[in-house]
Amino acid sequence: MLDRTVGKREMRREKRGRARVLGAVALAACTGLVLSACGSTKDTVATGGSDGDGTGKVGVILPLLTSPFWQSYNDYVPKMAKSEGVDALKTVNSNSDPSQQITDINNQLNQGVKGLVVAPLDSAAIEAGLDQAERKGVPVVAVDVAPEKGKVAMVVRANNVAYGEKACQYLGEHITSGKVVQIMGDLASVNGRDRSEAFRACVKEKFPKLKVLEIPAKWESDTAASKLDTLLNANPDIKGIYMQAGGVYLAPTLQTLKSKGMLKKTGQAGHIAIVSNDGIPQEFDAIRKGEIDATVSQPADLYAKYGMYYIKAAMAGKTFEPGPTDHDSTIVKLPSGILEDQLPAPLVTKDNVDDAALWGNTVG
């Protein structure tokens, strides 16, 4: 009887020992699988995600199509997708609506895309869409605007602080004193903030005899026109204007000045010095005519090219480090920890406006 009882006890001990060993093995296996199915924060069945070879459908979401700049970018997307070997779907236009952009991202994810290239409208609001993509295991490349939060593989963008500084430097060198206006973009966008703050700080530090007047226009042409009209009524002695987006502000600014008899060509008495941002053909024509003085060429072609380049790399699992690139740019780490490839954006004046290398001279 005692032997039989002892035997049962030994059998129970052996079973408990085997169970502990199997549990440890299972735990180790779960850890070794990088949480692929053991507590992963991603969907266990993703409709997208990388299979490691950089292939699959890619969704491309635009912020708007009312600007010639974004129209040019839209035209470049299929060409650059083809040259980079990316299977890009037809672009989607969010029509200047941040909420619509989140819906557009979700729609693309539901279609099973394996990558997304998005030009965010709102640096903060885009986080909701980025979180959805991360849950699906779908990499995202942001173009033109850096998100404040959320995961992206890369931001493809020019240095927007330099935009404001170059505009300030040009106006400061051509205007000794007086009032200058900056027609600002949407301050909910990091682009609008960077350009505005850089221009303001540069004038204060380097050209204190200039007085900056500001028009918050939120990338809206009608808003820019009406507020500029009001400002000029109260300040007819304006000597300079900085437009943060020629694509939406050029036409209304020139029309407003013309309606008031204030559109004087360069070299004429009363000429208002104007510097813009974008590098669209219409700005180049205005420079040639002497209606505006300069613009910073924002590289629509390179935005499309490297948006495709980085999304393909992300879908293949490739990562990058800060430092110079092989295409005359520099990858920097933003305060948020996100990497940004800061592409070159040259200042264009009458001296180099006919340069064939400028993308604005290659489109209609």
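Heads up: these notes are all about the structure in this document. (Residues numbered from 1 in each chain as written. Predicted model: local features only at pLDDT ≥ 70, side-chain atom pairs only at ≥ 80, totals over all residues. Heavy atoms only, no water.)

## Notes on helix 8 (residues 246-259)
At step 1: The terminal C-alpha atoms of helix 8, which comprises 14 residues, lie 19 Å apart, in line with the 20 Å expected from a rise of 1.5 Å per residue.
At step 2: Along helix 8, ten of the 14 residues are buried, which leaves the element largely enclosed by surrounding structure.
At step 3: What helix 8 keeps buried is the set Gly246, Gly247, Val248, Tyr249, Leu250, Pro252, Thr253, Leu254, Thr256 and Leu257.
At step 4: In this fold, the buried residues of helix 8 make contact with helix 2 (68-84), strand 7 (178-184), helix 7 (221-234), strand 9 (238-243), strand 10 (273-278) and helix 9 (281-289). (Helix = DSSP H or I, 4+ residues; strand = E, 2+ residues; numbered from the N terminus. Expected span 1.5 Å × (residues − 1). Buried < 20%, exposed > 50% of the residue type's maximum accessible area, 1.4 Å probe, protein only. Contact = heavy atoms within 4.5 Å.)

## Re the pattern of salt bridges
At step 1: Evaluation of the coordinates by the stated rule reveals ten salt bridges.
At step 2: A salt bridge links Arg157 to Glu340; its shortest N-O distance comes to 3.1 Å. Taken together, the residues span a long stretch of sequence, with Arg157 in strand 6 (residues 154-158) and Glu340 in strand 14 (residues 339-343) at a distance of 183 residues. Take Arg157 and Glu340: they sit in the same class, and that class is buried. (Salt bridge = Lys/Arg side-chain N within 4 Å of Asp/Glu carboxyl O.)

## Considerations on the sheet that holds strand 11 (residues 294-297)
At step 1: An order of 8-7-9-10-11-15 is seen for the six strands of this open sheet, with the pairing classed as mixed. Edge strands, defined here as strands with exactly one partner in the open sheet, are strand 8 (210-216) and strand 15 (347-348).
At step 2: In terms of strand pairing, strand 11 meets strand 15 through two bridges, oriented antiparallel. Residue Thr295 lies in a different strand from strand 15, and its bridge partner there is Val348.
At step 3: On top of the sheet, helix 6 (residues 190-206) reaches strand 7, strand 8, strand 9 and strand 10; it is set at about 165° to strand 7, its chief contact. (Pairing = 2+ DSSP bridges. Axes fitted to C-alpha atoms, helices over the stretch in contact; angles between N-to-C directions.)

## Observations concerning the nonpolar core
At step 1: Counting residues in each nonpolar core, the largest one holds 51 residues, and the members touching the most others are Tyr73, Val117, Val156, Phe199, Tyr303 and Met308.
At step 2: When residues of this core are assigned to their parent elements, the largest contribution, eight residues, is made by helix 10 (residues 300-315).
At step 3: Dropping the residues within four chain positions of it, Met308 is found in contact with Val60, Val77, Met80, Ala81, Glu84, Val86 and Val117.
At step 4: Counting residues in each nonpolar core, the second largest holds 28 residues, with Leu213, Ile215, Phe284 and Ala286 among its members. (Core = buried A, V, L, I, M, F, W, Y, C linked by side-chain atoms within 4.5 Å.)

## So, empty space enclosed by the protein
At step 1: Counted under the stated rule, the structure contains one cavity of 30 Å³ or more.
At step 2: For the largest cavity, the calculated volume is near 230 Å³.
At step 3: Contributing to the lining of the largest cavity are 17 residues, with Leu64, Trp70, Asp144, Trp219 and Ala245 lying nearest its centre.
At step 4: Taken together, the elements giving at least two residues each to the lining of the largest cavity come down to helix 2 and helix 6.
At step 5: Residues belonging to the lining of the largest cavity are distributed by class as follows: ten nonpolar, four polar and three charged. (1 Å grid on protein atoms, 1.4 Å probe; cavity = no way out; pocket = protein on both sides within 12 Å on 5 of 7 lines; lining within 4 Å. Points joined across faces, edges and corners; volume = space filled by probe spheres on them. Nonpolar A, V, L, I, M, F, W, Y, C, P; charged D, E, K, R; others polar.)

## Remarks on helix 5 (residues 160-174)
At step 1: The end-to-end C-alpha separation of helix 5 is 22 Å, in line with the 21 Å expected for 15 residues at 1.5 Å each.
At step 2: Those residues of helix 5 that sit buried are Asn160, Ala162, Tyr163, Gly164, Ala167, Cys168, Tyr170, Leu171 and Gly172.
At step 3: The N-cap residue of helix 5 is Asn159: its side-chain oxygen and the backbone nitrogen of Val161 are 3.1 Å apart. (Polar contact = N/O pair within 3.5 Å; in protein donor to acceptor, adjacent residues only side chain to side chain.)

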